[in-house]
Every structure is written in C-alpha cells, then in structure tokens.
Amino acid sequence: MPAANITSVGFIESKIASEIKVNSQAIVTKSMQELSFQLITTDSVYLPECAERNISIKILRLDKLHPLVSGNKFFKLRFYLEEAQHQGKKTIITFGGPFSNHIIATAAACNMNGFKSIGIIRGERPKNFSHTLQQASFLGMELVFISREEYRRKIVPEELLTHDCYVVNEGGSGHIGAMGAATIAQYFLSSTFTHICCAVGTGTMMAGLMNACPDSSIIGVSVLKNNLEIDEAIRLLLEDKNRMFSTIHDYHFGGYAKYQPRLIDFMNQFFQETGIPSDFVYTGKLLYAVMDLIKKNYFPSGSRLLVIHSGGLQGNLSLAKGTLIF
Ligand SMILES: *Cc1c(COP(=O)(O)O)cnc(C)c1O
C-alpha cells in the first residue's frame, strides 16, 4: 500500500531531478523539464463581473507545473508510481484516447522515473499520430491500439501482461489517484475560500480535493454530456460518504472534447483579460461556467472563489492553428 509514503512524496521529486540531469544530454526537449513545484501560484484575477458583485477569484495554476505532466495528472499519478516502485514493477501500463492528457503525463512521468511505459490507445492506429501520441512515443511509450469495443472493456491484452507490469486506470482514476489529488491542497489555504471550483472528468480530482478540505464547499463542472452517474463515482472515493457536494452539468458544450465558437471566444477573451491560458476540454469549460454562474448571481456577494487550473494545455494542439490567440 502506498499509505506509508503519503507524506514523503520526496522520492519521486528528487528522483526526477537526478534523472533529468542524465537524460537531458540524450534528449533535448521541453518535455524533459523538471517539475516546477515552485511555479504553482494562486493568481488573483480582476474582472468587472466580479468587482460589481463583490466576488473575488483566485486561480490555482497547476498548469505551470510542467508543459506535459501538466496539472492534476501528475498529482493523480504520483502514488500509483510510488506503489509500482515499492512493488518492484518496471513497466506502467495505462489507457487513453489519442489526445489524452493522462497518456502524455504518464509517458513523461515514466520517462523521468525510469519506468517503461505502455499506452493502450482507443481506436485504430492512425496514419498520422496526434501531437499527444507523437510526444508520448518520443518519450519512450510503447503504443498499442485496440478497437473501441475492446477498449470499453479495459482489458490489457494478455501478451502485454508480464510479471513486472503495473496497471494504472484510465485517467489515473480511483482511490490512489484521489489520494494523490488530495495533495493538491498543499498549495492553498482552504479556509480562505468560500468555494473551490474544479473541472470533473472521472471525478477523482474532485473527490481528492473534498477529502483534503473537509470544511470546504466544492463545486465540480462536468465536461461530459449528461454524465449523471458521476456523483455516485465521486461518492465512492469520499472518506465522508455523507458529504454534500454539487456537480454542474450545463457546461459540456456538446460533450467530452466537443466545443463551440462561444467557448473559444471566451477562452481568448479570458486570456486577453487575465493572461491565463486554458484548454478547451476541461479548464476552458470550467472558467466559462464559473464566470457564467457569477453573472447569474449563483455565488452570494462576498464569495471568495478558488478555481483549480488543472492544466491540459497540450490538448489545444489538436485545434487548428490560429483558433486560440495563446
Ligand atoms: C483529467 C483532467 C481533469 C479531470 O480530472 P478527473 O480527476 O478525471 O475528474 C481536469 N482537468 C484537466 C486539465 C485534466 O487533464
């Protein structure tokens, strides 16, 4: 169990630092940058909609941690990797789609920590790899493509399952992922906020944040269409099964990884006004939701919001050039 190591997260961080020095000679790429924990800040944003209603917003910039092992994915992975290390496993196997933040984060984190990595990718092997798959493969991840139907069953092909494999759930979901996500709370003082807002895919990050902040009011914005079972999935990961929380389902923009021009316009405008970039799959929808809820007076006057910028910016590379101004 990783429990023994929960407070000593040092091993991965210090290992990463030493691996980098070795690796940087062989491969020179931005993906080999160290994880920059010192760059994680809470940035205040000043917008007229907030000032008018006496609402303050701070944004936790997990996106600045690393260009590829971005945001919440490192936090969700960290104890899986520690457990794999403790069990003496050498290979990490995980699942994802061709644009998955989790796939690229896993590839980069394994590269940094001396694990072999295998990504089981949804769908046929494409003629042209997405940026995500190119980078993952460049980082040494072996990519195995399986049909969508097989993928749905999440079965690791038998020939890949050797004794030294450690399987991480798609998206780093699950209890160990939530324990990792709980360590995000080291970067803010929860008592200074009335609401903590985050994007919800599998809900693992939201559950981790709730476990770490038992007295906070946490709001999750679902990025999937009508994923109403998500509350149950989140509750399974909660320490306090009776905990109240809200998931909001009105800002999926058509579904997972779907978008509309008004989302892109918003992301560009938000960047112009604040200097903060967002991604169109998660944090763009989250920020859109928060600003829209503010305009609809969802938050009482005097609210102090913390919005979790969970990263994912690499996903924007799948958009046509010029779509975003950042
Ligand atoms: C994966 C991801 C999320 C969602 O995290 P869950 O724990 O699956 O809910 C949010 N933001 C970004 C940028 C992500 O990559």
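Residues numbered from 1 in each chain as written. Predicted model: local features only at pLDDT ≥ 70, side-chain atom pairs only at ≥ 80, totals over all residues. Heavy atoms only, no water.

Looking at this structure, I do not really get the nonpolar core. What am I missing?
Among soluble globular proteins, nonpolar side chains are generally buried collectively. With 58 residues, the main nonpolar core has Ile184, Phe188, Ile234 and Ile308 as its most contacted residues. Here this core takes eight residues from helix α4 (residues 101-113), the largest share from any one element. Discounting chain neighbours no more than four positions away, the residues touching Ile184 are Leu60, Leu62, Asn72, Phe75, Met205 and Leu209. Core analysis: the second largest hydrophobic core is formed by 36 residues, Ile248, Leu263, Tyr288 and Leu324 among them. (Core = buried A, V, L, I, M, F, W, Y, C linked by side-chain atoms within 4.5 Å. Buried < 20%, exposed > 50% of the residue type's maximum accessible area, 1.4 Å probe, protein only. Helix = DSSP H or I, 4+ residues; strand = E, 2+ residues; numbered from the N terminus. Contact = heavy atoms within 4.5 Å.)

Looking at this model, I keep getting lost on the sheet that holds strand β3 (residues 91-96). Mind explaining?
Hydrogen bonds along the backbone pair up the strands of a sheet, which may run parallel or antiparallel. A sheet is described by the order of its strands in space; here four strands give the open sequence β5-β4-β3-β6, paired in parallel fashion. Both outer strands of the open sheet, β5 (141-146) and β6 (165-167), are each paired with one neighbouring strand and no more. Across the sheet, the mean angle from the axis of one strand to that of its neighbour is 25°, orientation sign disregarded. Sheet analysis places β3 next to β6, joined by three bridges and oriented parallel. (Pairing = 2+ DSSP bridges. Axes fitted to C-alpha atoms, helices over the stretch in contact; angles between N-to-C directions.)

Sorry if this is basic, but what is going on with the packing of aromatic side chains here?
Geometry of an aromatic ring pair is reported as the spacing of the ring centres plus the angle between the planes. Going through the model one piece at a time under the given rule, you end up with 14 aromatic pairs. One aromatic cluster is present, formed by Tyr251, Phe253, Phe266, Phe270 and Tyr288 through successive ring pairs. A cation sits over an aromatic face here: Arg78 above Phe79, 5.8 Å from the ring centre. For Arg122, the ring lying beneath its charged end belongs to Tyr151, and the centroid distance is 5.7 Å. (Phe/Tyr/Trp six-rings, centres within 6.5 Å; stacked < 30°, edge-to-face > 60°. Lys NZ or Arg CZ within 6 Å of the ring centre and 35° of its normal.)

How do you make sense of the packing of helix α10 (residues 261-274) against helix α11 (residues 283-295) when you look at a structure like this?
Pairs of packed helices are described in terms of their axes, by the angle between the two and the distance that separates them. It is the contact of α10 with α11, at a shortest axis distance of 10 Å, that shows an interaxial angle of 80°. The angle between α10 and α11 places the two elements in the roughly perpendicular class. In contact with Arg262, Leu263, Phe266, Met267 and Phe270 of α10, α11 contributes Gly284, Lys285, Leu287, Tyr288 and Met291. (Parallel < 35°, antiparallel > 145°, perpendicular 65-115°, else oblique.)

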